[in-house]
Amino acid sequence: MADSTPDTARLIIGDQEIELPIIRGREGDAAVDIRGLRGKTGYITYDPGLGNTGSCTSEITYLNGEEGILRYSGYPIEELAKQSSFLEVAWLLFKRELPSRDELQAFEKEVIYHSMVHEDLKRFFSSLPKAGHPMAICAATVGAISTFYEAVRYEDPDDEHWAAAIRLLAKMPTIAAYSYKHSVGQPFMYPRNELSYAANTLYMMFGTPCEAYDPDPVVVRALDLLLILHADHEQNCSTSTVRTVGSSHANMFASVSAGISALWGPLHGGANEKVIEMLIAIRDGDRSASEFMELAKDKNSPVRLMGFGHRVYKNYDPRARILKKACHDVLSRTGTSNPLLEIALELEDIALADPYFVERKLYPNVDFYSGLIYQALGIPVEMFTVFFALGRMPGWIAQWLEFHRDQDAKINRPRQVYLGHETRSYVALDER
Ligand code: SDX
């Protein structure tokens, strides 16, 4: 009877046969440990995009792409979306346990207390072009704020890491809101410590000194839900960027700044902005949804169905399922309707029945519906990916902290297969 759970793998290369250990995960996932491969055989593995390569072990988030499962430290995303709050989820990602009431209250107070940014940072914003993309401004600012803390010395690195974690989590909404206020020429709004995290974010985004502004509780709850759903997603492109930069022992601010830049890409977090642009192009253009879908399937066309497909999910992204329902809830409770939602639903119906998408297991991902909710909350399109970064902040921090506590962790330095010129002698300039 073949062993269905062997603890080694045999590899035969030419007349050499070696055994490699197998590492088994908690949920039936398993990996061939190839750390000894090059030393034993001189061979490396080749896996562009790293879709078949584990870069680490982790206890933070589990996702199963085939079954469309997402859990933060064992808790299903569906339950956290219904019952938790963003700061409680942030604590869960950092500590791998839900907080007690006292722990949560103390954590919320600590985060809100650090939400103000140094006054000198305002000049930093003012030096940047108003039309600059807020993701560029946020990446630059997050990298720059480490300069305000360089003089602070810590005995214990864990204390330094915790202080950086609190500052990043606390100040990201302020930085995000300031990047928006700068772009519209409105005064920066100081955070209000009596407001919740999501409410403060909305207040700093949309409040002005001219009149009282209290965010709508429906909008606050919807934003908190969006932040929960984006909080972590194991080794996605931006998170593995944060780990890679952190692996050189660059500080947490620099690592997260790199993560923000990676998230900005339209194949990653930047897709939420592209989804809305795609829906608007269909609404205002001369192509119907089905004509657009034909283009999305055409290899010679640059058109892609943004918000569809995923490196890991080959099933419906559980976050998209929650967001699709939330879309209807938010639109009805804010008394707004959005023709773009109708177009999105039509595109989804077409895709889920079209062999091109079905055979390639292309389903809506987190970005397909999130933009419609951001729009309903009054968040401008150019800020959508910034709000993705707001949500992903605790995940980036948790993964960075986990890397620094991992005894096996080393600086990330992949290998390559060289296909360039063989050795040759230098040719002097006047002989070329
Ligand atoms: C996020 O990794 C994460 O966890 C990311 C994320 C997170 O929380 O951090 O979940 C957030 O980034 C979600 C993804 C957002 N991006 C988009 O919505 C952009 C549109 N999607 C694609 O560009 C694409 O699906 C990717 C980049 C997301 C995934 O690319 P893959 O897995 O490398 O897929 P692929 O390029 O190998 O495509 C497989 C096939 C190809 O066709 P064939 O060559 O087999 O004929 O599917 C086609 C692709 O052409 N395809 C699409 C498509 N996505 C894949 N065709 C049309 N429209 C699409 N969106």
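Going by the structure above, here's the rest.
Residues numbered from 1 in each chain as written. Predicted model: local features only at pLDDT ≥ 70, side-chain atom pairs only at ≥ 80, totals over all residues. Heavy atoms only, no water.

Caption draft 1: Looking closely at the overall build of the protein chain. When helices and strands are tallied, the protein chain shows 18 helices and six strands. For a compact globule of 432 residues, the expected C-alpha radius of gyration is about 22 Å, and the protein chain comes in at 24 Å, within 12% of that figure. Scored against the burial criterion, the 432 residues of the protein chain give a buried share of 47%. Pairs at least 24 residues apart make up 69% of the contacts formed inside the protein chain by residues separated by at least 6 positions. Within the protein chain, the 58 negative side-chain charges are centred at a point lying 2 Å from the centre of the 44 positive side-chain charges. (Helix = DSSP H or I, 4+ residues; strand = E, 2+ residues; numbered from the N terminus. Rg over C-alpha atoms; globule rule 2.2 N^0.38 Å. Buried < 20%, exposed > 50% of the residue type's maximum accessible area, 1.4 Å probe, protein only. Contact = heavy atoms within 4.5 Å. Lys, Arg positive; Asp, Glu negative; His and termini not counted. Charge placed at Lys NZ, Arg CZ, Asp CG, Glu CD.)

Caption draft 2: Structural view of the site of the ligand. Taken together, 25 residues are adjacent to the ligand, and H233, R304, G307, H310 and R319 come closest. The contact in question runs from an oxygen atom of the ligand to an N or O atom on the side chain of R311, over 3.3 Å. Between the ligand and R392, the relevant distance is 2.8 Å, taken from an oxygen atom to a side-chain nitrogen or oxygen of the residue. Out of a free accessible area of 1,100 Å², the ligand has 79% covered by protein chains. Residues that form the shell around the ligand fall into these classes: ten nonpolar, seven polar and eight charged. (Near = heavy atom within 4 Å. Polar contact = N/O pair within 3.5 Å; in protein donor to acceptor, adjacent residues only side chain to side chain. Areas by Shrake-Rupley, 256 points an atom, 1.4 Å probe, with all protein chains shown as cover. Nonpolar A, V, L, I, M, F, W, Y, C, P; charged D, E, K, R; others polar.)

Caption draft 3: Structural view of the nonpolar core. The biggest cluster of nonpolar side chains holds 119 residues, and the ones touching the most others in it are L169, M278, L279, L305, L347 and Y369. Ignoring any residue separated from it by four or fewer positions in sequence, one finds L169 in contact with F86, L87, A90, F94, F107, V111, Y197, M393, P394 and I397. (Core = buried A, V, L, I, M, F, W, Y, C linked by side-chain atoms within 4.5 Å.)

Caption draft 4: Looking closely at helix α4 (residues 101-113). In a regular helix each residue adds 1.5 Å, so 13 residues correspond to 18 Å; α4 covers 18 Å between its end C-alpha atoms and thus fits that length. What α4 keeps buried is the set L104, F107, V111 and I112. Each buried residue of α4 lies within a common arc of 125 degrees when the element is viewed along its axis, so the set occupies one face. Away from its buried face by more than 90 degrees, α4 exposes D102, K109 and Y113. Those residues of α4 that are buried are in contact with α3 (86-95), α7 (157-184) and α8 (197-206). (Expected span 1.5 Å × (residues − 1). Arc of directions from axis to C-beta.)

Caption draft 5: Examining a nonpolar patch on the surface more closely. A cluster of nonpolar residues, I44, Y46, V417 and L419, forms a patch on the protein surface that exposes about 470 Å² of accessible area. Residue position: L419 is located in the segment after α18 (384-405). (Patch = residues over 30% accessible without salt bridge, like charges linked within 9 Å, V, L, I, M, F, W, Y side chains within 5 Å. Salt bridge = Lys/Arg side-chain N within 4 Å of Asp/Glu carboxyl O.)

Caption draft 6: How the structure looks around the side chain of S179. Mapping S179 onto the fold places it in helix α7. Take S179: its relative accessible area is 2%, and that puts it in the buried class. Filtering out sequence-adjacent residues up to four positions away, S179 remains in contact with F125, P134, I137, C138 and M383.

Caption draft 7: Quick peek at the packing of helix α12 (residues 271-284) against helix α15 (residues 339-353). It is the contact of α12 with α15, at a shortest axis distance of 10 Å, that shows an interaxial angle of 95 degrees. Classified by the interaxial angle, the pair formed by α12 and α15 is roughly perpendicular. The segment α12 lies against α15, with I276, M278, L279, I280, I282 and R283 engaging P339, L340, I343, A344 and L347. Of the residues that constitute the contact of α12 with α15, the class distribution is ten nonpolar, no polar and one charged. (Axes fitted to C-alpha atoms, helices over the stretch in contact; angles between N-to-C directions. Parallel < 35°, antiparallel > 145°, perpendicular 65-115°, else oblique.)

Caption draft 8: Expanded view of the sheet that holds strand β3 (residues 30-32). With antiparallel pairing, three strands are arranged side by side in an open sheet as β1-β2-β3. The open sheet is flanked by β1 (8-13) and β3, the only strands paired with a single partner. The average angle at which neighbouring strand axes cross in this sheet is 30 degrees, direction not considered. Bridging between β1 and strand β2 (residues 16-24) involves six bridges; their strand directions are antiparallel. What sits directly across from I13, in β2, is Q16. (Pairing = 2+ DSSP bridges.)

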